[in-house]
Amino acid sequence: DWFADEWLDADESTRRATLATLDDQAARRPPGAGGISFLPYLGGQLSPVRRPWASATFHGLTTRSARIDMFRAVIEGVSFAAAEVFQQIKSWVGEPTALGMTGSGARSPLWRQMLADILRYPIEVTDAASEGRGAAIFCAVALGYYPTLSDAVANMVHRTAVIEPTNTNLYADAYERWRHVRDALAEIDKT
């Protein structure tokens, strides 16, 4: 949203079409965003390490960098940050039975595939309104409408697609570069 709001010449009426066009263009670029890494800490970093002073940054910009590379770097950076949080959650609760993706980001074929490849899990895309149903699902079970959470989810959340990981090594170099940039800047942020 930040990139769309600040970097794109799109208002609410053209935003979805503009993002779809950029998504299509970025999908034709190779992983690694032309050597650009984006750290998505616009409001600090809260997980897996709490660093509220952390800030967002683009690293690796050159005269050859294009807006589409920056767009792809934003999607990759958010995905790499999500992967780190995902690893933390797995360490707490174990392997997931499913990973769901919903909301406006789930409209992006590039982002869906990228997350499946980076997380190394299938991504279950759900209907647009499912992110707000968690509390309703618990209530439905507590009130006896469904006997289990699994039953409630099966009836209340509708899967529209499953995105399988196709190349789990595709982002290895870009992820390693991203982590190196994150760690180096973490040292600078401390001072």
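This write-up is about the structure you can find in this document. (Residues numbered from 1 in each chain as written. Predicted model: local features only at pLDDT ≥ 70, side-chain atom pairs only at ≥ 80, totals over all residues. Heavy atoms only, no water.)

Quick look at the packing of helix α5 (residues 134-142) against helix α6 (residues 149-156) now. Running from N to C, α5 and α6 cross one another at 125 degrees; their axes reach a closest spacing of 9 Å. Here α6 runs oblique to α5, going by the angle between their axes. Seen from above, α5 lies across α6 with right-handed handedness. Between α5 and α6, the residues in contact are A136, I137, F138, A140 and V141 and L149, A152, V153 and M156, respectively. (Axes fitted to C-alpha atoms, helices over the stretch in contact; angles between N-to-C directions. Helix = DSSP H or I, 4+ residues; strand = E, 2+ residues; numbered from the N terminus. Parallel < 35°, antiparallel > 145°, perpendicular 65-115°, else oblique. Left-handed = near helix turned anticlockwise from the far one by under 90°. Contact = heavy atoms within 4.5 Å.)

Here the focus is unusual backbone geometry. Note: most peptide bonds trans; most residues except glycine with negative phi. That bond from S47 to P48 is cis: its omega, 0 degrees, falls within 30 degrees of zero. Positionally, P48 belongs in the loop between β1 (37-39) and β2 (57-59). The backbone of A33 shows a phi angle near 50 degrees, a positive value even though the residue is not glycine. You can see A33 is positioned in the loop between α2 (15-27) and β1. You will see that R120, though not glycine, has its phi angle at about 65 degrees, which is positive.

The topology assignment puts E76 in helix α3 (residues 67-93). Setting aside anything within four residues of it in sequence, one finds E76 in contact with P31, G32, A33, M114, Y171 and A174.

As enumerated under the stated definition, the model contains 5 aromatic pairs in all. Taken together, a centroid distance of 5.3 Å and an interplanar angle of 80 degrees make the contact between F86 and Y121 edge-to-face. Here F86, found in helix α3, pairs with Y121, found in the loop between α4 (109-119) and β4 (123-126); they are 35 residues apart in sequence, far enough to count as distant. Judged by relative accessible area, F86 falls into the buried class, the value being 9%. Judged by relative accessible area, which is 15%, Y121 ranks as buried. (Phe/Tyr/Trp six-rings, centres within 6.5 Å; stacked < 30°, edge-to-face > 60°. Buried < 20%, exposed > 50% of the residue type's maximum accessible area, 1.4 Å probe, protein only.)

Pairing in this open sheet of 3 strands is mixed, and the strands run β3-β4-β5 from one edge to the other. Here the strands that pair on one side only, and so sit at the sheet edges, are β3 (99-101) and β5 (159-163). Each neighbouring strand pair of the sheet contributes to a mean axis angle of 30 degrees, computed without reference to strand direction. Relative to β4, β3 runs parallel, the two being bridged by 3 bridges. Looking at β4, one finds that M101 is bridged to V125. Each of β3, β4 and β5 touches α4; the most contacted strand, β4, lies at about 150 degrees to it. (Pairing = 2+ DSSP bridges.)

The quantities given are spatial measurements derived from coordinates; they are silent on function.
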